[in-house]
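What the coordinates show
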Amino acid sequence: MSTRDWILHVDLDQFIAAVELLRHPELRGRPVVVGGSGDPTQPRTVAATATYEAREHGVHSGMPLRTALKRCPDAIFLPSDPPAYEAASERVMAVLREFPVRVEIWGWDEAFIGATTDDPEALAADIRHAVQARTQLSCSIGIGDNKHQAKLASAFAKPAGIHRLTGDNWAETMNHRPTDALWGIGAKTARKLAALGLHTVAELAAADPAHLARHFGPTNGPWYRYLALGKGEAEVVTTPWIARGHSHETTFQHDLTDRTAIAHHVAALATRVAHDAAEAGRHIARVSVKVRFTPFLTRTRQSKLPAPTTDPATIERTALTILDRFDLNRPVRLLGVAVDYTLPDDDQPTLDTLE
C-alpha cells in the first residue's frame, strides 16, 4: 500500500464511566450510572453516562436518573466529577500528541488525527495500545478519507476496535442505512427527508440537489446529499481551542415563583461567570440570561456591554437588567447566565450565547 493521508477518529469507550471504574474497580462488570449528585431520587437530574451493563437495561446518557433507576434498580449511581474527567482527557490527548500526527481535540472523549502512513490500521493499533498502557482507558478508532467517514467508522469499531470506512466501501456499508445514520442528520431532518421519499443513504445520494435546495435551503439541501455520498472535511486543525464564552446554570428541584428569589439566583450566577472570566484572564463582551419556564419553555435575552470587562458588579447589574425584560408570569425551573469573551488576539467580541 502506498503512503497517503488518512483521517483517524479516536473515541474513548464509555469515557466517564471508565474513569469512574478506574477509581472504583470493585464496580467492574456491574451496571453503573453517573450523573448529578449520584442520588437517583432527586428530580431533574440526568445521566451523564452509563456502563454497557446499564445500557443493556435501556439506560442512556441524558435520561432522567429516576427513569434509569426504574429501568435498572440494581444500578450503582455515582456523582459526576468533571475535573476528574478533564484531567483524564488531558492525559489521553498528551499520548496522542507523542505520535507523528496532527491532533484536533473535539471534547473530553474524542479527537481527530491527521496522519500520513502506508498502514493506518497499524498506526491505529499502536495508538490504542499506547492509550491503554499509559492511561488504562480503552478507545475505538475509525479510519477514513475524511472526518465524516472516520467518525462513523469509530462507531462501527466500538467497543475497543478499529474500523475503516472510505470511498472504497462506503456504498456497501452505508447505502442501505437510514439517512440519520449520517453524521450531521438527526431524527427531525430524517423525517423531513422521508416525507420526500428519501429513506436511505442511497436514495439521498441519488436525489436532485436542486430539489433538496428547494426544501432545505441552498446550503443545507445539497449538503445532505454531500454527506450521503460519503464526503466530508479532511483538514485536521491543530490550533489550540480557545473558549469563546462561559456559562453557569441551575435547575431547581422546586419551581421558583418569587421574583426576588429569581433575581437573587441570577445575580449569583452572574458573579460566578465574572469570577471565572477573571481567573481565565478573559474579558466579557456580552451577557445572556436564560430562563426555562415550566413545563419546558425556554427563553434567552442578551445585551452587549459598552466596553469589555470582568467587573462582577457590572456583569451582575447587566444580568439583572436583562432579567427585567422577561415576563415572569410562570413558574421557573432553570436559570442560566452566559457570557461571550473577547478574542485574546484582537479583543473583538464573539456572538456565541446560550442556546
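Residues numbered from 1 in each chain as written. Predicted model: local features only at pLDDT ≥ 70, side-chain atom pairs only at ≥ 80, totals over all residues. Heavy atoms only, no water.

**Considerations on the overall build of the chain**
Using the following cut-off: The way it works is that DSSP assigns letters per residue, a run of H or I at least four long becomes a helix, a run of E at least two long becomes a strand, and they are numbered from the N terminus. The buried label applies to any residue whose accessible area, calculated with a 1.4 Å probe on protein chains only, is under 20% of its type's maximum; exposed applies above 50%, and partly exposed to all values in between. What makes two residues a contact is simply this: any of their non-hydrogen atoms within 4.5 Å. Surface accessibility follows the Shrake-Rupley procedure with a 1.4 Å probe radius. Residue values consider only the protein chains on display as shielding. Under this rule, positive means Lys or Arg and negative means Asp or Glu; His and the chain ends count for nothing. The atom standing in for a charge is NZ when the residue is Lys, CZ when it is Arg, CG when it is Asp and CD when it is Glu.
Within the chain, the secondary structure is distributed over 13 helices and 12 strands. In terms of its C-alpha atoms, the chain occupies a principal-axis envelope of roughly 70 × 55 × 45 Å. Of all 355 residues assigned to the chain, the portion counted as buried reaches 44%. Across the chain, every contact between residues at least 6 apart in sequence was considered, and the portion connecting residues at least 24 apart equals 63%. As displayed, the chain offers around 17700 Å² of accessible surface, 51% of which is attributable to carbon and sulfur atoms. Measuring between centres, the 39 positive side-chain charges of the chain sit 6 Å from its 43 negative side-chain charges.

**Things to note about the nonpolar core**
Short version of the rule: Side-chain atoms within 4.5 Å are what join buried Ala, Val, Leu, Ile, Met, Phe, Trp, Tyr and Cys residues into a set we call a nonpolar core.
Leu8, Phe15, Leu96, Ile113, Ile127, Val131 and Leu137 are the most contacted members of the largest nonpolar core, which has 35 residues in total. Put simply, the parts of the chain that give this core at least two residues each are β1 (4–12), α1 (15–23), β2 (32–34), α4 (82–97), β6 (110–117), α5 (120–135) and β7 (139–144). No other element matches α4, which puts 7 residues into this core. For Leu137, the residues in contact, after removing those within four places along its chain, are Leu12, Phe15, Ala18, Val19, Leu22, Ala88, Val92, Val131 and Gln132. Ranked by size, the runner-up nonpolar core spans 27 residues in total, among them Ala277, Val291, Leu323 and Tyr341.

**A closer look at the sheet that holds strand β4 (residues 76–78)**
Quick reminder of the rule: For two strands to count as paired, DSSP must find a minimum of two bridges between them. The axes are straight lines fitted to the C-alpha atoms, using for helices just the contacting stretch, and the angles between their N-to-C directions are given from 0 to 180°.
Strand order in this open sheet of 3 strands is β3-β2-β4, and the pairing throughout is mixed. Two strands close off the open sheet at either side, each with one partner strand: β3 (49–50) and β4. Relative to β3, β2 runs antiparallel, the two being bridged by 2 bridges. Bridge pairing links Val34 to Thr49 in β3. Packed on one face of the sheet, α1 meets β2, β3 and β4 and runs near 110° to β2.

**Some details on α4**
The line we're drawing: To estimate the expected span of a helix, subtract one from its residue number and multiply by 1.5 Å. Throughout, the arc means that of the directions going from the helix axis to the C-beta atoms.
The end-to-end C-alpha separation of α4 is 23 Å, in line with the 22 Å expected for 16 residues at 1.5 Å each. Within the span of α4, buried status applies to Ala84, Tyr85, Ala88, Ser89, Val92, Met93, Val95 and Leu96. Down the axis, α4 shows its buried residues gathered within 170° of arc, on one side only. Exposed side chains of α4 directed beyond 90 degrees from the buried face belong to Pro83, Glu90 and Arg97. Where α4 is buried, its residues meet β1, α1, β2, β5 (102–107), β6 and α5.

**Some thoughts on the packing of aromatic side chains**
Rules: Classification of ring pairs rests on two measures: the distance between centres of Phe, Tyr or Trp rings, Trp counted by its six-membered ring, which must be within 6.5 Å, and the angle between planes, read as stacked under 30 degrees, edge-to-face over 60 and tilted in between. Charges are assigned to positions over rings by a cutoff of 6 Å between ring centre and Lys NZ or Arg CZ, combined with an angular limit of 35 degrees from the ring normal.
The tally for this structure, following the rule as stated, stands at 6 aromatic pairs. The interplanar angle of 80° and the centroid separation of 5.2 Å between the aromatic rings of Trp106 and Phe112 together place this pair among those described as edge-to-face. Look at Phe112 and Trp183: their rings are 5.9 Å apart centre to centre, the planes differ by 35°, and that puts the pair in the tilted class. Of the two residues, Phe112 sits in strand β6 while Trp183 sits in the loop between α7 (170–174) and α8 (187–195), which places them 71 residues apart along the sequence. Judged by its relative accessible area of 30%, Trp183 is partly exposed. Three or more aromatic residues link up through ring pairs in this structure, and these residues are Trp106, Phe112 and Trp183. Across the ring face of Phe112, the terminal group of Lys147 is positioned such that the distance to the ring centre comes to 5.5 Å.

**Some remarks on the side chain of Glu20**
For clarity, the cut-off: Two N or O atoms count as a polar contact when they lie within 3.5 Å, although within protein this holds only if one can serve as hydrogen donor and the other as acceptor, and sequence-adjacent residues are included solely when both atoms are side-chain atoms.
The residue Glu20 is located in helix α1 in this model. Among the polar contacts listed, one links the side chain of Glu20 to the side chain of Arg23, at a separation of 2.9 Å. When sequence neighbours within four positions are dropped, the list of residues in contact with Glu20 reads Val34, Leu78, Pro79, Asp81 and Tyr85.

**Thoughts on the sheet that holds strand β8 (residues 162–164)**
Judged by pairing direction, the sheet is mixed, and its 5 strands sit side by side in the order β5-β6-β1-β7-β8 without closing on themselves. If you trace the sheet from one side to the other, it starts and ends with β5 and β8, each paired once. Within the sheet, the average angular offset between the axes of one strand and its neighbour, ignoring direction, is 20°. Inspection of the sheet shows β1 paired to β6 by 8 bridges, in the antiparallel sense. Counterpart to His9 in the pairing with β6 is Phe112.

**Considering the packing of helix α10 (residues 209–216) against helix α11 (residues 220–228)**
Here is the rule: Angular relationships are summarised with four words: roughly parallel below 35 degrees, roughly antiparallel beyond 145, roughly perpendicular across 65 to 115, and oblique for the angles in between. Basically, the charged four are Asp, Glu, Lys and Arg, the nonpolar ten are Ala, Val, Leu, Ile, Met, Phe, Trp, Tyr, Cys and Pro, and anything else, Gly included, counts as polar.
Two elements in contact, α10 and α11, have axes separated by 6 Å at closest approach and are oriented at 130°. Taken together, the axes of α10 and α11 lie oblique to each other. Together, Pro209, Leu212, Ala213 and Phe216 of α10 and Asn220, Gly221, Pro222, Tyr224 and Arg225 of α11 make up the contact between the two elements. Split by residue class, the contact of α10 with α11 holds 6 nonpolar, 2 polar and 1 charged.

**Topic: α10**
The distance from a side-chain oxygen at the start of α10 to the backbone nitrogen of Ala210 is 3.1 Å, and the residue carrying that oxygen is Asp208. Positive backbone phi, at 100°, marks Gly217, one or two positions downstream of α10.

**Notes on the pattern of salt bridges**
For the record, the criterion: Should a side-chain nitrogen of Lys or Arg be within 4 Å of a carboxyl oxygen of Asp or Glu, the pair is scored as a salt bridge.
Across all of its chains, the model carries 13 salt bridges by this definition. With its nearest N and O atoms 2.9 Å apart, the salt bridge here joins Arg23 to Asp81. With Arg23 in helix α1 and Asp81 in the loop between β4 and α4, this pair connects stretches of sequence that are 58 residues apart. You can call Arg23 partly exposed: its relative accessible area is 41%. The closest approach of N and O atoms between Lys147 and Glu233, which form a salt bridge, is 3.6 Å. With Lys147 in helix α6 (residues 147–157) and Glu233 in the loop between α11 and β9 (245–256), the pair connects residues that are 86 residues apart, well separated along the chain.

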